[in-house]
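Each chain, written out:
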Amino acid sequence: MKEYRVVVLGHWRAMQTDQVVDDADVMIHRCRGLGDLAAAVHCSRANWIMVGYDYDDSDIQRVVMAAKAMREDVGLVLLGPRHDWRRCERWLKRGCRVYLEHTIDVPRAIAAIKAAQTLDINVMDHVFSRMLCDRVAGPAPHLTRREREVLELLRKGLRNKEIADVMHVTVNTVEYHMRHLLSKFSARSRLEVVERATALGLA
């Protein structure tokens, strides 16, 4: 019998609909939806449920209740977008055992589940752990009104020239504000500015 038996609900791009992973001591297969979950848990004797990032909190709660009605000790794995540390923190407090970025591949997901089960620990993707560490590292920096505007446009993926056009300022002015943002967030790149601002609740 497989030691790790996982039922997947919702979107996980690493594993397509109806795909089955059958490898050594691991069996992973998809469940079509919440209505089929009880039967899937029963038939596969699943000890893990993985829920995609397209399920909201109320859906996840229904999944947990349905799964635990069939098997009390079933573990919960959640997938989430890399900037949603709030969801990660919320569900780890609610009993989620493994929280991973939604782009994770199958081998890394299996390794995380094995670690959680073997070592009896909770596992969090490094993306979220870094954000949570940044969040508690200290107080949020004070940003000027212009720096907040630049940060918001940066979060939307705009380049310096595009930000300058939107704000009706020169590119040099945007670069000036960008240097201040990099310094205030102790960041080495634009992406780190956005990640740290998000972790601190500023973006």
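Predicted, not measured: the structure shown is a model, and the values here were computed from it.

Engineer: Looking at this model, I keep getting lost on the overall build of the protein chain. Mind explaining?
Structural biologist: Per the secondary structure count, the protein chain includes nine helices and seven strands. Once the C-alpha set of the protein chain is aligned to its principal axes, its extents read approximately 65 × 30 × 30 Å. Looking at the protein chain alone, contacts between residues at least 24 apart form 59% of all its contacts between residues at least 6 apart. By element, 52% of the accessible surface of the protein chain is carried by carbon and sulfur atoms, the whole surface being about 10700 Å². If the 32 positive side-chain charges of the protein chain are averaged to one point and the 27 negative ones to another, these points end up 4 Å apart.

Engineer: Whenever I open this one, unusual backbone geometry confuses me. Can you help?
Structural biologist: Among all residues save glycine, negative phi is the norm, and among peptide bonds the norm is trans. Notably, Ala-24 is not glycine yet its phi reads approximately 50°, a positive angle. Within the secondary structure layout, Ala-24 lies in the loop between strand 2 (20-23) and strand 3 (26-30). Of the residues examined, Ala-24 reaches a relative accessible area of 63% and is grouped as exposed. One non-glycine residue, Ser-186, lies in the positive phi region at around 50°. Inspection of the secondary structure puts Ser-186 in the loop between helix 8 (171-184) and helix 9 (190-199).

Engineer: Just checking my understanding: could you explain the nonpolar core for this structure?
Structural biologist: Within soluble globular proteins, side chains that are nonpolar generally end up buried alongside one another. Formed by 23 residues in total, the largest nonpolar core has its most connected members in Leu-37 and Ile-49. Listing elements by their share of this core, those giving two or more residues are strand 1 (4-9), helix 1 (37-44), strand 4 (48-51), helix 2 (57-70), strand 5 (75-80) and helix 3 (85-93). Among the elements that line this core, the one with the most residues is helix 2, at four residues. When neighbours within four sequence positions are excluded, Leu-37 is seen to be in contact with Val-7, Leu-9, Cys-31, Ile-49, Val-63, Ala-66 and Ala-67. Core analysis: the second largest hydrophobic core is formed by 22 residues, Val-8, Trp-12, Trp-48 and Val-77 among them.

Engineer: I'm lost on the sheet that holds strand 6 (residues 98-101) in this one. Help?
Structural biologist: Sheet strands pair via backbone hydrogen bonds, and the direction of the pair is either parallel or antiparallel. The mixed open sheet is built from seven strands, whose spatial order is 2-3-1-4-5-6-7. Strands at the two margins of the open sheet, each flanked by one partner only, are strand 2 and strand 7 (123-124). In this sheet, strand 3 lies alongside strand 1 in parallel orientation, the contact comprising five bridges. Its bridge partner being in strand 3, Val-8 is matched across the sheet by Arg-30. The sheet strands contacting helix 1 are strand 1, strand 3 and strand 4, and the helix crosses strand 1 at an angle near 165°.

Cut-offs used in this document
- Residues numbered from 1 in each chain as written.
- Predicted model: local features only at pLDDT ≥ 70, side-chain atom pairs only at ≥ 80, totals over all residues.
- Heavy atoms only, no water.
- Helix = DSSP H or I, 4+ residues; strand = E, 2+ residues; numbered from the N terminus.
- Contact = heavy atoms within 4.5 Å.
- Areas by Shrake-Rupley, 256 points an atom, 1.4 Å probe, with all protein chains shown as cover.
- Lys, Arg positive; Asp, Glu negative; His and termini not counted.
- Charge placed at Lys NZ, Arg CZ, Asp CG, Glu CD.
- Buried < 20%, exposed > 50% of the residue type's maximum accessible area, 1.4 Å probe, protein only.
- Core = buried A, V, L, I, M, F, W, Y, C linked by side-chain atoms within 4.5 Å.
- Pairing = 2+ DSSP bridges.
- Axes fitted to C-alpha atoms, helices over the stretch in contact; angles between N-to-C directions.

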